Amino acid sequence: MTFSKQQLKIALVSIFLLTAMPVFAKELHFSFTPYAGLEQSTFQEAYYYEDFSRYKDRQCSLLEWTQKLSYLAGIETRVKYKKLSFFIDLSTKLPGKCGSMMDSDYLENGMKFNYSISENHLNSAFDAQTGFAYEVDLPFMQITPSITASYSYISFSAKNGRGWYGDSSYTSDGKTHSWDSPYSHYFPDGKYHLAGVDYLNQTFYFMAGLELSKNFIKEWRTGLGFHFAPFTYSYTKDQHLGKNKNFYTEGYIYNYFGNMKFTFQNDFTISSLISINTRMELNLQLFTKGKTDKNGRPNQQQEGESYSAFKTKIGISFSL
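Residues numbered from 1 in each chain as written. Predicted model: local features only at pLDDT ≥ 70, side-chain atom pairs only at ≥ 80, totals over all residues. Heavy atoms only, no water.

Draft legend 1. Up close: the nonpolar core. Formed by 17 residues in total, the largest nonpolar core has its most connected members in F43, L63, W65, M101, L122, I154 and F156. Contributions of two or more residues to this core are made by β1 (28–48), β2 (59–81), β4 (96–106), β5 (112–134), β7 (142–165), β9 (197–217) and β14 (297–319). Apart from the residues lying within four places of it in its own chain, the contact partners of M101 are L63, E64, W65, S116, I117, S118, E119, N120, A158 and V197. (Core = buried A, V, L, I, M, F, W, Y, C linked by side-chain atoms within 4.5 Å. Buried < 20%, exposed > 50% of the residue type's maximum accessible area, 1.4 Å probe, protein only. Helix = DSSP H or I, 4+ residues; strand = E, 2+ residues; numbered from the N terminus. Contact = heavy atoms within 4.5 Å.)

Below, the structure is given as structure tokens:
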């Protein structure tokens, strides 16, 4: 009985895999970590006057959506071979009232003449992260560089608004005043209610980082991390809900090296299979200008976006 070259190759590869698998399996580890936490954040969006020659960088409107406290839950899955690990992290947030939506309008001279505030309600949110990390052991600590790709989606609705309008169309003397002037008009006034601005944000970025960690005792490891994104892309959509001025705007932001994250983590080992993890994150996306569309058509008006968030979470890690 003779074997062809192809059959010999298949046999040799099979023998190699069968021999290598037990050795490889000893170095391969799986873990999954369900976690829960809290998040506080602020999305800011500024609009500028269209006449750049006269009002360059002069802000005409500022919109803010805040999450005072949102409840989040997620799971991280990690596969580790020796010092190299691959991870996937998926999380969502509990819908409900979460903070405030604020809308401010400014004159060319910088005076704020309209101001409104509404309840901010979280409709839905989803975050996904995946990446690689590699552990480097030093005599006094461990250094772990990482590369991560992240995507986030969040949607808010504004409800039960109230506001003070100093626009000449609403003031008692027919002149334009500051929003807090006694001549300004307050809504709701019994005849009209005040509509807010709904918001949607989708953000994608690549992030590189470095974490420094150390075991102070065998069962307790603590670490500090710094991560930055060379590139961040954000798509935003605002739905303005006025009865006579119902319209939407879309923003497109390209942010280079303006997105960073700071982390602080503690791992407490309970046994060889179970550990408790706590983590705090501060994420800052610096103010960046971009282009806008209005009602689906290109708009000359510039906008700018910024974002800040603080998360704290605790999880239980199970190793296999």
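Now that the structure has been shown, the text picks up again.
Draft legend 2. Broad picture of the layout of surface pockets. Of the voids in this model, the second largest pocket is the one considered here, and its volume is about 1300 Å³. If you go around the second largest pocket, you meet 37 residues; those closest to its centre are D105, Y165, Y170, K245 and F247. (1 Å grid on protein atoms, 1.4 Å probe; cavity = no way out; pocket = protein on both sides within 12 Å on 5 of 7 lines; lining within 4 Å. Points joined across faces, edges and corners; volume = space filled by probe spheres on them.)

Draft legend 3. Quick look at the pairing of strand β10 (residues 220–241). Pairing between β9 and β10: 19 bridges, direction antiparallel. Bridging from a neighbouring strand, N201 pairs with T236 of β10. Adjacent in sequence and paired antiparallel, β9 and β10 are bridged by 2 residues. For β10 and strand β12 (residues 259–269), the ladder comprises 10 bridges, and the chain directions are antiparallel. Looking at the pairing, R221 lines up with D267 of β12. (Pairing = 2+ DSSP bridges.)

Draft legend 4. Highlighting unusual backbone geometry. The omega torsion across F187 and P188 is 0°, close enough to zero to call that bond cis. At N295, a position not held by glycine, the phi torsion is positive, near 55°. Looking at the secondary structure, you find N295 in the loop between β13 (274–294) and β14. For N295, a relative accessible area of 39% translates into the label partly exposed.

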